[in-house]
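So you can see what is in the structure, the chains are spelled out below.
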Amino acid sequence: MNIYLDNAATTKPCDEAVSAAVTAMTENFGNPSSLHRAGLDAQLAVDRSRKIVASSLGADANSIIFTSGATESNNLALRGICAAYGKKRRKIVASSVEHASVEETLRDLEKSGFEVVRVSPRADGKFYSADFLSACDERTVMLTMMCVNNETGHILPVKETFSTVKRRFSEIITHSDCVQAYMKIPVKAAAVNADLISVSGHKIHAVKGIGALYIKKGVRVLPIVTGGKQEKGIRSGTESVPLICAFGAAVEKLLPTIAERRETAEKLKEHLIAEILKIAGVSVNSHEDGSPYIVNISAAGKRSEIMLHFLESRGIFVSSGSACSKGQQSGVLGEFGISGKRADSALRISLTAETTTEELDEFAAALSEGINSVRG
């Protein structure tokens, strides 16, 4: 039986999400924009899911825009804000460890004349709000900072940073990619002082192809996809009712148990680290106080790809980094002070609350076997 430990890349859809999607495809398949009863029923299903997702962020349903996923949400947030507010304010401040969907968008905006200031962690591997405040000025249009790093599990000080910056520069728009935090640790828009939040469905046991962007009331985001008037005219295109319903069903299931599942994941992470540190040459790249769902390690100078495929031969699936990078190093580990052979041998193990200690023990045994048998 296979052991799946790559949940930061994608998760298995829960039964509730699958059932909701199937029902929407087979029974409630109308176009939400149609004026007849079938269209109205589809619109009501979309509205229900929108309320569920909004509630999970402590927000009003009108603040949620459904997208095809967090990559689109991140693009819409950055490009839409720069289009709306970027005529005079042409500076963007970001963390240096953002997901590719943010970093690549920032590079594209640089080509359009925007200045991007990337703030790095200090020598201790941590980010400090004071460094982001120092990078901001009257020319800054927005600040973007992920909540949990997808490669290492580092938790960034989003709440403290956004609040600090807002006190000094209230006009700066704040955006957080909360993909690896959403439904794992509490994420409330008002609490973190975020004007925009990106989330994804397939990271939380929904399905691929659906995400959302929270937009605070009063914040103007210009569309990057034009056409119809769906999603308040901000994201044109017929809504995918099955995917939206699956998203709502997964959120509805997980929301009441965030604290309980986090506690379980913390115990699993503690067990995993204890087991792998028994293996000579293995080091842990994640912080103790990071996300309990992501553990990044380096395996005794054995190249990531070789070790990944050895583990796969034993029916164990992990990652060598962000799935979106197709196995290539993104530079994130270097930002956290992990370089050279240690970075070349990095593996990401990502858990769910349903992961078992027996599975982690099997992974540790296979890792030890691989270190002793494969060539680097």
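Fair warning: this is a prediction, and the values are worked out from it, not measured in the lab.

Chemist: Just checking my understanding: could you explain the pairing of strand β7 (residues 196–200) for this structure?
Modeler: Consecutive side chains of a regular strand alternate in pointing toward one face of the sheet and then the other. In terms of burial, β7 is a largely internal element, 5 of the 5 residues being buried. Where burial is concerned, the two faces of β7 agree: the one with L196, S198 and S200 and the one with I197 and V199 are both buried. Judged from the 3 bridges that link them, strand β6 (residues 173–177) and β7 form a sheet pairing that is parallel. Its bridge partner being in β7, D177 is matched across the sheet by S198.

Chemist: Sorry, what's going on with the pattern of salt bridges here?
Modeler: Side-chain pairs of opposite charge can arise where the charged atoms are in close proximity. Tallying each qualifying case throughout the model produces 21 salt bridges. Between R48 and E252 there is a salt bridge whose closest N-O contact spans 2.8 Å. Placement of the pair is R48 in helix α2 (residues 37–56) and E252 in helix α8 (residues 241–254), with a sequence separation of 204 residues. In this structure, a network of salt bridges that share partners links the residues E103, E104, R107, E110 and R118.

Chemist: Help me understand the nonpolar core in this model?
Modeler: A general trend in soluble globular proteins is that nonpolar side chains are found buried together. The biggest cluster of nonpolar side chains holds 65 residues, and the ones touching the most others in it are V53, I64, F66, Y182, I197, F247 and V251. Here this core takes 9 residues from α8, the largest share from any one element. Non-local contacts of Y182, meaning those with residues more than four positions away in its chain, are made with V53, S56, L57, V187, V199, S200, I204, F247 and V251. The next biggest cluster of nonpolar side chains, apart from the first, holds 26 residues, and it includes I316, A366, I371 and V374.

Chemist: Can you walk me through the packing of aromatic side chains in this structure?
Modeler: Two descriptors summarise a pair of aromatic rings, namely the distance from one centre to the other and the angle between the planes of the rings. What the rule picks out here adds up to 4 aromatic pairs. Taken together, a centroid distance of 6.3 Å and an interplanar angle of 65° make the contact between F66 and F247 edge-to-face. Of this pair, F66 sits in strand β2 (residues 64–67) while F247 sits in helix α8, and the two are 181 residues apart along the sequence. For the pair F66 and F247, a shared accessibility class is recorded, and that class is buried. Judged by centre distance (6.0 Å) and plane angle (40°), the ring pair of F127 and F132 falls under tilted. Taken individually, F127 and F132 each receive the classification buried, so the pair is uniform in this respect. Among the aromatic side chains, those forming a connected cluster through ring pairs are F66, Y182 and F247. One residue, R122, lies across the ring of Y128, its end atom 4.2 Å from the ring centre.

Chemist: Explain the layout of surface pockets here, please?
Modeler: By rolling a water-sized probe across the atoms, one finds the places where empty space is left. Of the voids in this model, the largest pocket is the one considered here, and its volume is about 560 Å³. Taken together, 24 residues line the largest pocket, and the ones lying closest to its centre are N7, K12, H205, T352 and E354. Going through the elements one at a time, β1 (3–4) and α8 are the ones with two or more residues in the lining of the largest pocket. The residue makeup of the lining of the largest pocket, split by class, is 11 nonpolar, 6 polar and 7 charged.

Chemist: Sorry, what's going on with the sheet that holds strand β10 (residues 294–299) here?
Modeler: What links the strands of a sheet is backbone hydrogen bonding, and the strands pair in either a parallel or an antiparallel sense. Strand order across the open sheet formed by 3 strands is β9-β10-β12, with antiparallel pairing between neighbours. Each edge of the open sheet carries a strand with a single partner, namely β9 (282–284) and β12 (346–350). Taking each pair of neighbouring strands and ignoring which way they run, the sheet shows an average axis angle of 30°. The sheet contact formed by β10 and β12 spans 5 bridges and is antiparallel. Residue pairing for β12: V295 is matched across the bridge by I349. The sheet contacts of helix α9 (residues 258–276) involve β9, β10 and β12, and relative to β10 the element is tilted by about 5°.

Chemist: What exactly am I supposed to notice about unusual backbone geometry here?
Modeler: Keep in mind that most residues, glycine aside, have a negative phi and that most peptide bonds are trans. The phi dihedral of N193 is positive, around 60°, even though this residue is not glycine. When its relative accessible area of 25% is taken as the criterion, N193 is described as partly exposed. The backbone of H205 sits at a positive phi, close to 70°, despite the residue not being glycine. Along the chain, H205 falls in the loop between β7 and β8 (211–215). By relative accessible area, which is 15% here, H205 ends up buried.

Chemist: Sorry, what's going on with helix α4 (residues 100–111) here?
Modeler: Owing to its 3.6 residues per turn, the α-helix aligns residues three or four sequence positions apart on the same side. Its 12 residues place the ends of α4 16 Å apart at the C-alpha level, agreeing with the 16 Å of an ideal helix rising 1.5 Å per residue. Within α4, burial applies to S101, V102, E103, T105, L106 and L109. Looking at the buried residues of α4, the elements they touch are α3 (70–85), β3 (91–95), β4 (115–119), β5 (140–144) and β6. One or two steps after α4, the chain reaches G113, where phi turns positive at roughly 105°.

Chemist: What am I meant to see in a nonpolar patch on the surface here?
Modeler: Judged by side-chain polarity, V18, V22 and M25 come together as a nonpolar surface patch covering roughly 250 Å² of accessible area. With respect to the helices and strands, the residue V18 is situated in helix α1 (residues 15–26).

Chemist: I keep staring at the environment of N28 and nothing clicks. Help me out?
Modeler: Along the chain, N28 falls in the loop between α1 and α2. Once the C-alpha coordinates of N28 and R90 are considered, the two residues, 62 residues apart in sequence, prove to be 45 Å apart. What N28 contacts, discounting residues up to four positions off in sequence, is T23, A38, D41, A42, A45 and V241. For N28, the side chain forms a polar contact with the main-chain oxygen of D41, separated by 3.3 Å.

Conventions used here
- Residues numbered from 1 in each chain as written.
- Predicted model: local features only at pLDDT ≥ 70, side-chain atom pairs only at ≥ 80, totals over all residues.
- Heavy atoms only, no water.
- Buried < 20%, exposed > 50% of the residue type's maximum accessible area, 1.4 Å probe, protein only.
- Helix = DSSP H or I, 4+ residues; strand = E, 2+ residues; numbered from the N terminus.
- Pairing = 2+ DSSP bridges.
- Salt bridge = Lys/Arg side-chain N within 4 Å of Asp/Glu carboxyl O.
- Core = buried A, V, L, I, M, F, W, Y, C linked by side-chain atoms within 4.5 Å.
- Contact = heavy atoms within 4.5 Å.
- Phe/Tyr/Trp six-rings, centres within 6.5 Å; stacked < 30°, edge-to-face > 60°.
- Lys NZ or Arg CZ within 6 Å of the ring centre and 35° of its normal.
- 1 Å grid on protein atoms, 1.4 Å probe; cavity = no way out; pocket = protein on both sides within 12 Å on 5 of 7 lines; lining within 4 Å.
- Points joined across faces, edges and corners; volume = space filled by probe spheres on them.
- Nonpolar A, V, L, I, M, F, W, Y, C, P; charged D, E, K, R; others polar.
- Axes fitted to C-alpha atoms, helices over the stretch in contact; angles between N-to-C directions.
- Expected span 1.5 Å × (residues − 1).
- Patch = residues over 30% accessible without salt bridge, like charges linked within 9 Å, V, L, I, M, F, W, Y side chains within 5 Å.
- Areas by Shrake-Rupley, 256 points an atom, 1.4 Å probe, with all protein chains shown as cover.
- Polar contact = N/O pair within 3.5 Å; in protein donor to acceptor, adjacent residues only side chain to side chain.

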